[in-house]
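What the coordinates show
Here is how the chains run, residue by residue.
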Amino acid sequence: MLRKFNYIDHDDQILLTCQLFKDHKEILEAERQKIRYLLVDEYQDINYGQWELIKLLSGNNPENLFVVGDDYQSIYGFR
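Rules behind the numbers
- Residues numbered from 1 in each chain as written.
- Predicted model: local features only at pLDDT ≥ 70, side-chain atom pairs only at ≥ 80, totals over all residues.
- Heavy atoms only, no water.
- Helix = DSSP H or I, 4+ residues; strand = E, 2+ residues; numbered from the N terminus.
- Rg over C-alpha atoms; globule rule 2.2 N^0.38 Å.
- Contact = heavy atoms within 4.5 Å.
- Areas by Shrake-Rupley, 256 points an atom, 1.4 Å probe, with all protein chains shown as cover.
- Lys, Arg positive; Asp, Glu negative; His and termini not counted.
- Charge placed at Lys NZ, Arg CZ, Asp CG, Glu CD.
- pLDDT = per-residue confidence, 0-100.
- Axes fitted to C-alpha atoms, helices over the stretch in contact; angles between N-to-C directions.
- Parallel < 35°, antiparallel > 145°, perpendicular 65-115°, else oblique.
- Nonpolar A, V, L, I, M, F, W, Y, C, P; charged D, E, K, R; others polar.
- Salt bridge = Lys/Arg side-chain N within 4 Å of Asp/Glu carboxyl O.
- Buried < 20%, exposed > 50% of the residue type's maximum accessible area, 1.4 Å probe, protein only.

All right, on to the overall build of the protein chain then. Regarding its fold elements, the protein chain presents 3 helices and 2 strands. For the protein chain, the α and β elements follow one another from N to C terminus as α-α-β-α-β. Here the C-alpha atoms of the protein chain give a radius of gyration of 15 Å, more than 25% beyond the 12 Å that 2.2 N^0.38 yields for 79 residues. Counting only C-alpha atoms and orienting by the principal axes, one finds that the protein chain spans roughly 40 × 35 × 15 Å. Counting only contacts in the protein chain whose residues sit at least 6 apart along the sequence, the fraction spanning at least 24 positions is 75%. Summed over all atoms, the accessible surface of the protein chain reaches about 6400 Å², with 55% contributed by carbon and sulfur. Charge centroids of the protein chain, computed over 9 positive and 14 negative side chains, lie 7 Å from each other.

Another aspect to go through is the confidence of the model for the protein chain. Of the residues in the protein chain, 92% reach a pLDDT of 70 or more, and the chain-wide mean stands at 88. Strand 2 (residues 65-67) is the least confidently modelled element of the protein chain, averaging 93 in pLDDT, while helix 1 (residues 10-23) averages 96, the highest of any element.

Now for the packing of helix 1 against helix 2 (residues 25-34). Axis separation between helix 1 and helix 2 bottoms out at 5 Å; the angle between their running directions is 110 degrees. In terms of their interaxial angle, helix 1 and helix 2 are classed as roughly perpendicular. In this structure, helix 1 uses L20, F21, K22 and D23 to contact helix 2, whose residues at the interface are K25, I27, L28 and E31. Its residues placed into classes, the contact of helix 1 with helix 2 shows 4 nonpolar, no polar and 4 charged.

All right, on to the pattern of salt bridges then. Summed over the entire model, instances satisfying the criterion amount to 4 salt bridges. In this structure, K22 engages E52 in a salt bridge whose closest nitrogen and oxygen atoms are separated by 3.4 Å. A residue pair is termed long-range when its members are at least 10 positions apart, and K22 in helix 1 and E52 in helix 3 (residues 48-58) qualify at 30 residues. The exposure class of K22 is partly exposed, given its relative accessible area of 37%. E29 is paired through a salt bridge with R32; the nearest N and O atoms lie 3.7 Å apart. Within this pair, E29 and its partner R32 are both found in helix 2, separated by 3 residues, close to a single helical turn. In this structure, a network of salt bridges that share partners links the residues K22, E52 and K55.

Structure, rendered in structure tokens:
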């Protein structure tokens, strides 16, 4: 239904951004240059698309990646 009207939702925004970064490495590199530190809050609740975006953005600087999570606050019961 969303595509029929040329709309995208939050998950599409993440997936399209990942695809853009994979297809255009120069855009990814330009965005990486803007990031000194990357903080991800509520890490326990991220999905695969969000994890992929984090991985792409952190790139060669995983030491500048900081994640915060709490198993007891997970919105997913299976985790």
